[in-house]
Amino acid sequence: MKYSTQRLAYPYFVAAMGLFVAQVLGGLIAGTIYVFPNFLSDLVPFNIIRMIHTNALIVWLLMGFFGAAYYLLPEETETEIYSPKLAWIQFWLFLFGAAAAVIGYLFGIHEGREFLEQPLWIKVAIVIVALIFLFNISMTLMRGKKTVVATILTLGLWGLALFFLFAFYNPSNLALDKMYWWYVVHLWVEGVWELILASILAFLLIKMTGVDREVIEKWLYIIVGLALFSGLLGTGHHYYWIGTPGYWQWIGSIFSALEVFPFLAMVIFSFYIVRKGSRNHPNKAAILWVLGCTVLSFFGAGVWGFLHTLAPINYYTHGTQVTASHGHLAFFGAYVMINLAIITYAMPKLRGMQPYNQNLNMWSFWITCSGMCFMTFTLTAAGVLQTHLQRVLGMDFMEVQEQIALFYWLRLGSGIIVVVGVALFVYATFTKGKEEQAMVG
């Protein structure tokens, strides 16, 4: 590594992987309850398990983003991180806040708002952590070289923090509550997080392909422009049925349809750059995760999102398993996989293990992606059947649940495959490959 403070990324990546394992295990338990409803019912209610599953997802992704920023900013800005001490304080505060939130959930201490269940003091702690982080990376950027990648990454991270402030606003009117709730949830995952995704993607392609930076930066501008243009007003597809004016059905439908294009641009961009690249980079696994990220994010966030966000279709599919299928593949394809890509690229350098266990890492890629794709297909099939039986034929909810029970069994099987793939990824990250063992010997 060129800069010593890049090592600050290491604890963030380790914590991210630990939380990732906890998150998928939580999902596996939740999937088990779908087929065995009384499983763990005396110990932990289903809503708490689901809460831990979704919150762990957000926390570990943020841990990965923080680690990615601390790893790539020194190389982009050509200077060390402004304050390593602040980075360590931020890390322990964030980890403590995450642990405290989970313990609180287990004892029923939460606000009950999906994804924003954290008690007030936890939200305040998150803001403090965000301010420490933003001060640290902004000072680093200000005193160093201001590349397009570093600037867009910093802009995305600032947006992440600013939109989280809407989590403090909890109006008594339910329609207003959901309207502002989406300012956090949607404008994170379909707004500023896409800036973070695109900048990390660009950094990895610059480092691994040898393609001229200017070419990649032009593509980055196009992707970010498309993401912001479509994503901001695309928030309207959440406003169809919550009491907001009817014009949101037109705005949401039109701009949601356009949200496919930034992800399509990522696919074309990544494959074009890798094919054009002159550098035969030794970390094939990282390239695999990068390309896989663009493909699955296009299908999960783009295609599967488009399938049910037009207002006339959403009228029937809203809140069914179709939504769950889109959510799982979109989060996995876009944000889980970009985190795993930067971890795959950086961890061998952070641990001083070159080449490292690439074969196992690539096996984990195929196993995890296969499990997640199969899960998406089963949930889609369940959602289509549920929509027809429940929303068209008018059958009772619980009667419909019995009709789609087979798909929940299939989802549980795919969840087991995902957990195996994730465990293999973590094992591969911390073990030496045969080539490395031979070199040490």
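Reading guide: rules and limits
Residues numbered from 1 in each chain as written. Predicted model: local features only at pLDDT ≥ 70, side-chain atom pairs only at ≥ 80, totals over all residues. Heavy atoms only, no water. 1 Å grid on protein atoms, 1.4 Å probe; cavity = no way out; pocket = protein on both sides within 12 Å on 5 of 7 lines; lining within 4 Å. Points joined across faces, edges and corners; volume = space filled by probe spheres on them. Helix = DSSP H or I, 4+ residues; strand = E, 2+ residues; numbered from the N terminus. Nonpolar A, V, L, I, M, F, W, Y, C, P; charged D, E, K, R; others polar. Axes fitted to C-alpha atoms, helices over the stretch in contact; angles between N-to-C directions. Parallel < 35°, antiparallel > 145°, perpendicular 65-115°, else oblique. Left-handed = near helix turned anticlockwise from the far one by under 90°. Phe/Tyr/Trp six-rings, centres within 6.5 Å; stacked < 30°, edge-to-face > 60°. Buried < 20%, exposed > 50% of the residue type's maximum accessible area, 1.4 Å probe, protein only. Lys NZ or Arg CZ within 6 Å of the ring centre and 35° of its normal. Core = buried A, V, L, I, M, F, W, Y, C linked by side-chain atoms within 4.5 Å. Contact = heavy atoms within 4.5 Å. Polar contact = N/O pair within 3.5 Å; in protein donor to acceptor, adjacent residues only side chain to side chain. Expected span 1.5 Å × (residues − 1). Bend = angle between axes of the 7 residues up to and from the residue. pLDDT = per-residue confidence, 0-100. Disulfide = S-S within 2.5 Å.

Asker: Hey, could you run me through empty space enclosed by the protein in this one?
Answerer: Empty space left among the atoms is revealed by rolling a probe the size of a water molecule over them. Under the defined criterion, the tally for this structure stands at one cavity of 30 Å³ or more. Each pocket or cavity is described by its volume, and for the largest cavity that value is around 70 Å³. Lining the largest cavity, in full, are E190, H237, S256, E259, V260, A301, G302, G305, F306, T309 and H326. The dominant element in the lining of the largest cavity, judged by the number of residues it contributes, is helix α10 (residues 284-307), at four residues. Here the residues of the lining of the largest cavity are counted per class, giving three nonpolar, six polar and two charged.

Asker: Is there a simple way to explain the packing of α10 against helix α12 (residues 321-350) in this structure?
Answerer: Two measures define how a pair of helices packs: the angle their axes make with one another and the distance between the axes. One way to put it is that α10 packs onto α12 with a least axis distance of 8 Å and a crossing angle of 160°. The angle between α10 and α12 falls in the class roughly antiparallel. Every pair of crossing elements has a handedness; the one defined by α10 and α12 is left-handed. Classifying every residue of the contact of α10 with α12 by side-chain character gives 18 nonpolar, eight polar and no charged.

Asker: Would you mind showing me how to read the packing of aromatic side chains here?
Answerer: For any pair of aromatic rings, geometry is given as the distance between the ring centres together with the angle between the planes. Across all of its chains, the model carries 44 aromatic pairs by this definition. Centroid distance Y70 to F133: 5.5 Å. Interplanar angle 90°. Geometry classified as edge-to-face. Here Y70, found in helix α2 (residues 46-77), pairs with F133, found in helix α4 (residues 120-143); they are 63 residues apart in sequence, far enough to count as distant. Each member of the pair Y70 and F133 is classed as buried. Each ring, one from Y169 and one from Y180, has its centre 5.0 Å from the other, and the planes form 80°; the classification is edge-to-face. With Y169 in the loop between α5 (148-164) and α6 (174-209) and Y180 in helix α6, the pair connects residues that are 11 residues apart, well separated along the chain. Linked through ring pairs, Y12, F66, Y70, W88, F91, W92, F94 and F133 together constitute an aromatic cluster. Looking at K178, its charged tip hangs above the ring of W181, at a distance of 3.7 Å from the centre. For R411, the ring lying beneath its charged end belongs to Y34, and the centroid distance is 4.1 Å.

Asker: What should I look at first to understand unusual backbone geometry in this one?
Answerer: Backbone geometry follows two general trends: most residues other than glycine have a negative phi, and most peptide bonds adopt the trans configuration. One non-glycine residue, L40, lies in positive phi territory at about 65°. Following the sequence through the fold, L40 ends up in the loop between α1 (9-35) and α2. For E78, which is not glycine, the phi torsion reads 60° and is therefore positive. In this structure, E78 sits in the loop between α2 and α3 (84-106).

Asker: Can you walk me through the nonpolar core in this structure?
Answerer: For soluble globular proteins, nonpolar side chains are generally found buried alongside one another. Among the nonpolar cores identified, the biggest contains 120 residues, and F65, W188, W193 and L204 are the most heavily contacted of them. Of all the elements, α6 adds the most residues to this core, at 21 residues. Setting aside residues no more than four positions away along its own chain, W193 makes contact with I58, L61, L62, F65, L160, W188, F331 and Y335. Of all hydrophobic cores here, the second largest spans 10 residues; its members include V44, M51, A100 and I122.

Asker: Explain the environment of N55 here, please?
Answerer: Assignment of secondary structure puts N55 in helix α2. Discounting residues that sit within four places of it in the chain, N55 has contacts with Y105, F115, E117 and Q118. Among the polar contacts made by the side chain of N55, one reaches the side chain of Y105 at a distance of 2.9 Å.

Asker: What's the story with α6 in this structure? I'm lost.
Answerer: An α-helix turns once every 3.6 residues. As a result, residues three or four positions apart point the same way. Compared with an ideal rise of 1.5 Å per residue, which puts 36 residues at 52 Å, α6 spans 50 Å between its outermost C-alpha atoms and is within 8% of the ideal. At W188, α6 shows its largest kink, close to 60°. Burial of α6 is extensive: 30 of the 36 residues sit out of reach of the surface. The opening residue of α6 is N173, an N-cap whose side-chain oxygen sits 2.9 Å from the backbone nitrogen of A175. Downstream of α6 by one or two residues, G210 has phi in the positive range, about 80°.

Asker: Help me understand the confidence of the model for the chain in this model?
Answerer: Parts of the prediction with low pLDDT should not have their coordinates interpreted in detail. Overall, the prediction assigns the chain a mean pLDDT of 92, with 97% of residues at 70 or greater. With pLDDT under 50 throughout, residues 437-441 is counted as low confidence; its partners more than four residues away or in other chains account for four contacts.

Asker: In this structure, what is going on with the state of the cysteines? I would like to understand it.
Answerer: Between two cysteines, a covalent bond joining their sulfur atoms is known as a disulfide. All chains considered together, the criterion is met by zero disulfides. Cysteine C293 is unpaired, with the sulfur of C369 as its nearest cysteine sulfur at 9.8 Å. A residue is classified by how much of its surface remains accessible, and C293, at 0% relative accessible area, is buried. Note on C373: no disulfide assigned, nearest cysteine sulfur contributed by C369 at a separation of 6.3 Å.

Asker: I tried to follow α5 on my own but got confused; where do I start?
Answerer: For α5, which comprises 17 residues, the first-to-last C-alpha distance of 24 Å matches the rise-based estimate of 24 Å (1.5 Å per residue) to within 8%. Counting buried positions over the 17 residues of α5 gives 12, a clear majority of the element. If you check which residues of α5 are buried, you get V148, V149, A150, I152, L153, T154, G156, L157, G159, L160, A161 and F164. Among the structural elements, α2, α4, α6 and α7 (213-233) are those in contact with the buried residues of α5.

Asker: Can you walk me through the environment of V224 in this structure?
Answerer: Looking at where V224 falls in the secondary structure, it is placed in helix α7. Note on V224: relative accessible area 10%, which makes it buried. For the pair V224 and E194, spaced 30 residues apart in sequence, the C-alpha separation works out to 7.4 Å. Excluding residues that lie within four positions of it along the chain, V224 makes contacts with I152, L195 and A198.

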